[in-house]
Amino acid sequence: AQSVTQPDIHITVSEGASLELRCNYSYGATPYLFWYVQSPGQGLQLLLKYFSGDTLVQGIKGFEAEFKRSQSSFNLRKPSVHWSDAAEYFCAVGLILTGGGNKLTFGTGTQLKVEL
Amino acid sequence: DAGITQSPRHKVTETGTPVTLRCHQTENHRYMYWYRQDPGHGLRLIHYSYGVKDTDKGEVSDGYSVSRSKTEDFLLTLESATSSQTSVYFCAIAAGTGTYEQYFGPGTRLTVT
C-alpha cells in the first residue's frame, strides 16, 4: 500500500527566507504526487502536481517541487516566503483506480509558521 | 472554486444519533470523495463514488455509509454517531488532467458529545 511521510510537523521560517518542506512516499509504480495547502478553518487548495515528465514542477503562489525517484521524495520549495504562506501543507500520493480517477493518501502535514 | 458545497458546516450531535452530511457539486463531476481530517493523521479516505449508485470503501469506512442517487449529491451517513467520529469532514471531486486532481469543499466540523 502507498504511504506518505512528512517528517517535519512544525517549521518556522523568517519572512523572506527560503523554504523547503520534505515529503517521502512509498509506492510501487510511478507515483502521481500532489501538494496541498490549508489555511486555518479552510479547505485544501491544490498547489501543484506531478504526473510525469519534467521532475521540477511549478505551482501556484510561487511554489515549486522536485520529484526525485532515487530518493522517493517530492519536496516543496519556495525561494522567499511571505507571511501569508503561514498554513498547513500536505503531501499526497495518488493510486490510480481501474475505472478512472484516483484515491489519495495524505501525509500528516507540516505546519508552517512565518516570523515577521 | 470547484463548485462544491457542504452542509451543514457545523454540527453538534449526541452519541448514538444518526447524522447525514451532504456534499453538493454543480459541475457534473463523475468522481466524488469523503475524507475525514484529524490532528496527527492528515486526511483519510472514508468512501468514494465513481458514478451514480457506484461507491466503494476507503481506508476508514467502518461506521460510515454513503449514497449517491444523482450526480450532484454525495451523502455521508453515520448510522449511530460515536465520539471517535468527531472530526472535520471534507468532500472532494476529481477533475483536471485525467480526473486525477482532487478539489475540496469547505468542510463540515462534526462534534459528537
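The coordinates are above.
All of the points below concern the structure found in this document. All residue numbers refer to positions counted from 1 along the written sequence of the respective chain. Naming scheme: in the order in which they are written, chains are lettered from A and ligands are numbered from 1. With the structure being a predicted model, the display of local features is reserved for residues of pLDDT at least 70 and the display and counting of side-chain atom pairs for 80 or more, all residues being used for whole-chain, interface and lining totals. As a convention, hydrogens and water are excluded, and side-chain values are obtained from all of the structure's heavy atoms.

Turning to the side chain of Arg44 of chain B, a few remarks are in order. All names here are of chain B. Strands here are runs of E lasting at least two residues and helices are runs of H or I lasting at least four, both read from the DSSP assignment and numbered beginning at the N terminus. Among the secondary structure elements, Arg44 is positioned in strand S5 (residues 42–51). In protein, a polar contact requires one atom able to donate a hydrogen and another able to accept it; more generally it is a pair of N or O atoms within 3.5 Å, and residues adjacent in sequence count only if both atoms are side-chain atoms. Polar side-chain contacts of Arg44 include one of 2.9 Å to the side chain of Asp38. Ignoring any residue separated from it by four or fewer positions in sequence, one finds Arg44 in contact with Trp34, Tyr35, Arg36, Asp38, Glu59 and Val60. Contact criterion: two residues are considered in contact whenever any of their non-hydrogen atoms come within 4.5 Å of each other.

The next point concerns the environment of Phe90 of chain A. Residue and element names in this part refer to chain A. You can see Phe90 is positioned in strand S10 (residues 87–96). A 1.4 Å probe rolled over the protein chains alone gives each residue an accessible area, and that area as a share of the maximum for its type sets the label: buried under 20%, exposed over 50%, partly exposed in between. Residue classification places Phe90 among the buried positions, given a relative accessible area of 1%. A C-alpha to C-alpha distance of 6.6 Å links Phe90 and Thr110, two positions 20 residues apart in sequence.

Cysteine sulfurs are considered disulfide-paired once they come within 2.5 Å of each other. Considering all chains together, one arrives at 2 disulfides over all chains under this definition. Across a sulfur-sulfur distance of 1.9 Å, Cys23 of chain A and Cys91 of chain A are joined as a disulfide pair. For the disulfide bridge between Cys23 of chain A and Cys91 of chain A, the dihedral angle about the S-S bond is near -65 degrees, and by the sign convention the bridge is left-handed. On the criterion of sequence distance, the pair formed by Cys23 of chain A in the loop between strand S3 (19–21) and strand S4 (24–26) and Cys91 of chain A in strand S10 is long-range, its members being 68 residues apart. For the pair formed by Cys23 of chain A and Cys91 of chain A, the shared burial category is buried. Through a disulfide, Cys23 of chain B is tied to Cys91 of chain B; the S-S separation comes to 1.9 Å. Looking down the S-S bond of the Cys23 of chain B and Cys91 of chain B bridge, the torsion is -70 degrees, so its handedness is left-handed. Taken as a pair, Cys23 of chain B in strand S3 (residues 19–25) and Cys91 of chain B in strand S9 (residues 87–95) lie far apart in primary sequence, 68 residues in all. Residues Cys23 of chain B and Cys91 of chain B agree in their burial class; the two are buried.

These results come straight from atomic positions and should not be treated as a statement about function.
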